[in-house]
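Residue-level structure breakdown
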Amino acid sequence: MTRRRIRTILLVVGVLPAIAAVLFAAMVARMLLVQHSGDSAYDDGHFLDAAGHYRSAGHLDPFENWIAAFDAGAARHADGQYAVAVRAYQAALAFGVPHRDSCTVRINLSLADEAIGDKAEKAGHANAADDAYQAGITALEDGRCPTDSGHGPHQTKDAKRVDKRLHDKIKHNQQQKQRQQQKKKRQQQKKRSESKKQRQQDKKREQHKRQQQQQEQQRKRKQQQKRERLLQQQNQQGAQQRKSQQNLDQGWGYTPNW
């Protein structure tokens, strides 16, 4: 192999790392630009645009794509799309968040779950609300955030405060359910009592009606008996009058009625 050939090979070998470095620098620069665009859109309140930029940044950074998923989740969270935010936070955890940053993701995840629970509770879906609150509690507990957060006592205190609030909301819902059950039970008892009272009143009315019917029947029988007696008396008087008339007609004279 000639020296010229060797120099050509060495030149190519030396150029390849430089090209790789340039390409990597360009990728990093583009990623930072996209990340900056996402941050600007987020600051301006354009959360959907921000989420799109963060997803693009994730494709450009295969080593820490959990950051892009987390940022996209935060953008959706700020826009009120809590279910989408939850999925993005869960994706960030699935990508493998460093232990130090795990509770940052988990606290945001629990807050999104809490928002979903609040919305369900407002709509009157207490069971769905409790499920969402419990999901937030589980997210914190799985990372031991209420006792040992990665960013120290301050973050631990934040996680503990969120955890307590979620527990309190579940407790409140359970108490509310108990009160509703007790109220329903009282209403049922009242309804049964009113139904029983109504039946008693109906029975009394029925008895009174039967008594009235019996009295009416007795009155009618007495009237009938009275009419029959009057008719009988009239018949007897008529018979006597006819007999007296016959005696007169036959010349027997008056026949005293004794």
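First things first, this report covers the structure right here in the doc. Here the residue index of a chain counts from 1 through its sequence in written order. The model is predicted, so local features are restricted to residues of pLDDT at least 70 and side-chain atom pairs to those at 80 or more, both for listing and for counting; the totals for chains, interfaces and linings are taken over all residues. Derived side-chain values reflect all non-hydrogen atoms in the structure, with water molecules and hydrogen atoms excluded from consideration.

1. Observations regarding the environment of Arg227
We apply this condition: Secondary structure is summarised from DSSP: a helix means a run of H or I of at least four residues, a strand means a run of E of at least two, and numbering begins at the N terminus for each. Here a polar contact means two N or O atoms within 3.5 Å. Within protein one must be a hydrogen donor candidate and the other an acceptor candidate, and residues neighboring in sequence count only if both atoms are side-chain atoms.
Inspection of the secondary structure assignment puts Arg227 in helix H7 (residues 153–250). There is a polar contact of 2.7 Å between the side chain of Arg227 and the side chain of Gln224.

2. Overview of the packing of helix H3 (residues 65–78) against helix H4 (residues 82–96)
Our working definition: Axes, fitted as lines to C-alpha atoms, cover a helix only where it is in contact. Angles between the N-to-C directions of the axes lie from 0 to 180 degrees. Throughout this description, any angle smaller than 35 degrees is read as roughly parallel, any larger than 145 degrees as roughly antiparallel, any in the 65 to 115 degree range as roughly perpendicular, and the remainder as oblique. In a left-handed crossing the near helix is turned counterclockwise from the far helix by less than a right angle, and in a right-handed crossing that turn is clockwise. Contact criterion: two residues are considered in contact whenever any of their non-hydrogen atoms come within 4.5 Å of each other. Residues are grouped as follows: Ala, Val, Leu, Ile, Met, Phe, Trp, Tyr, Cys and Pro are nonpolar; Asp, Glu, Lys and Arg are charged; every other residue, Gly included, is polar.
Viewed as axis vectors pointing N to C, H3 and H4 meet at an angle of 165°, and their least axial separation amounts to 8 Å. Between H3 and H4, the interaxial angle falls into the category roughly antiparallel. Where H3 crosses over H4, the handedness of that crossing is left-handed. In contact with Asn65, Trp66, Ala69, Phe70, Ala72, Gly73, Ala74, Arg76 and His77 of H3, H4 contributes Tyr82, Val84, Ala85, Ala88, Tyr89, Ala91, Ala92, Phe95 and Gly96. Across the contact of H3 with H4, the residue classes tally to 13 nonpolar, four polar and one charged.

3. Thoughts on the side chain of Asp101
Here is the rule: Burial status follows relative accessibility: with a 1.4 Å probe on protein chains alone, a residue under 20% of its type maximum counts as buried, one over 50% as exposed, and anything between as partly exposed. For this count, His and the chain ends are skipped, Lys and Arg are scored as positive, and Asp and Glu as negative. Here, a salt bridge means any side-chain nitrogen of Lys or Arg that lies within 4 Å of a carboxyl oxygen of Asp or Glu.
Mapped onto the elements of the fold, Asp101 is located in helix H5 (residues 99–122). Although Asp101 lies buried, it forms no salt bridge, and the closest oppositely charged side chain, Arg100, sits 4.1 Å away as judged by the N-O distance. Within the structure, Asp101 has its side chain in polar contact with the side chain of His151 (distance 3.0 Å).

4. Some points on the packing of aromatic side chains
How we decide: Pairing of aromatic rings covers Phe, Tyr and the six-membered ring of Trp, with a centre-to-centre limit of 6.5 Å; geometry is then stacked below 30 degrees between planes, edge-to-face above 60, and tilted otherwise.
Applying the stated criterion across every chain yields a total of one aromatic pair. Taking the centre distance of 5.7 Å and the plane angle of 40° together, the rings of Phe70 and Tyr89 count as tilted. Taken as a pair, Phe70 in helix H3 and Tyr89 in helix H4 lie far apart in primary sequence, 19 residues in all. In this structure Phe70 comes out as buried when scored by relative accessible area, which is 14%.

5. Overview of H3
Residues spaced three or four apart along an α-helix face the same direction, because each turn holds 3.6 residues. Heads up, the rule is: The length a helix should cover is 1.5 Å for every residue beyond the first.
Compared with an ideal rise of 1.5 Å per residue, which puts 14 residues at 20 Å, H3 spans 20 Å between its outermost C-alpha atoms and is within 8% of the ideal. Counting buried residues along H3, eleven of its 14 residues qualify, which places the element largely inside the surrounding structure. All of the buried residues in H3 are Trp66, Ala68, Ala69, Phe70, Asp71, Ala72, Gly73, Ala74, Ala75, Arg76 and His77.

6. Some details on the pattern of salt bridges
Here the structure, examined in full by the defined rule, presents nine salt bridges. Here Asp168 and Lys164 are joined by a salt bridge, their closest N and O atoms 2.9 Å apart. Linking Asp168 with Lys164, this pair stays in helix H7, spanning four residues, or about one helical turn. What makes Lys164 exposed here is its relative accessible area of 52%. The partner of Asp202 in a salt bridge is Arg205, with the nearest N and O atoms 2.2 Å apart. Of this pair, Asp202 and Arg205 both sit in helix H7, three residues apart, roughly one helical turn.

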